[in-house]
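# Coordinate inspection notes
Here's the letter readout for the chains.
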Amino acid sequence: MKTGINSNNFFEHVHKDFLNRLKEKQPELTQAEIRLLCLTKLNIATKPMAGILGVSLDTIKKSRHRLRKKLVLSEEDSLDNVVNTI
């Protein structure tokens, strides 16, 4: 029997309107980038993140680097801080 709660609903329940605010601030993000930011919002470290997404650790590092460039973040700015302000 289904409970009616999937991972997206649960994430939205815990982090109210995060996805809406993220899409408003950064409408050009891909689904993969949104997933990466959601995992970052959950404070999941890079290595477990790679396991969850089924990719290599190097892929996560490259994706984070590309995302930082896309969001025009300086060296001092971290994705963690940006995600926590959304």
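Above this text sits the structure in question.
Presented here is a report on the structure given in the accompanying data block. Remember, predicted model here, so these are calculated numbers, not experimental data.

### Examining helix α5 (residues 57-70)
Along its 14 residues, α5 runs 20 Å from first to last C-alpha, staying within 8% of the 20 Å computed at 1.5 Å per residue. Those residues of α5 lying buried are Ile60, Arg64, Leu67 and Arg68. Each buried residue of α5 sits inside an arc of 100° when the element is viewed along its axis, so together they form one side. More than 90 degrees from the buried face of α5, the exposed residues found are Arg66 and Lys69. Packed against the buried residues of α5 are α3 (31-41), α4 (46-53) and α6 (79-85). Valine 72 sits one or two residues past α5 and shows a positive phi near 55°.

### Considerations on the pattern of salt bridges
Taken as a whole and assessed by the stated rule, the structure comprises three salt bridges. For aspartate 58, the salt bridge identified is with lysine 62, shortest N-O distance 3.3 Å. With aspartate 58 and lysine 62 both in helix α5, this residue pair falls four residues apart, about one helical turn. Here aspartate 80 and arginine 64 are joined by a salt bridge, their closest N and O atoms 3.9 Å apart. Of this pair, aspartate 80 sits in helix α6 while arginine 64 is found in helix α5, placing the two residues 16 residues apart along the sequence.

What counts as what
Residues numbered from 1 in each chain as written. Predicted model: local features only at pLDDT ≥ 70, side-chain atom pairs only at ≥ 80, totals over all residues. Heavy atoms only, no water. Helix = DSSP H or I, 4+ residues; strand = E, 2+ residues; numbered from the N terminus. Expected span 1.5 Å × (residues − 1). Buried < 20%, exposed > 50% of the residue type's maximum accessible area, 1.4 Å probe, protein only. Arc of directions from axis to C-beta. Contact = heavy atoms within 4.5 Å. Salt bridge = Lys/Arg side-chain N within 4 Å of Asp/Glu carboxyl O.

Any link to function would need more than the numbers given here.
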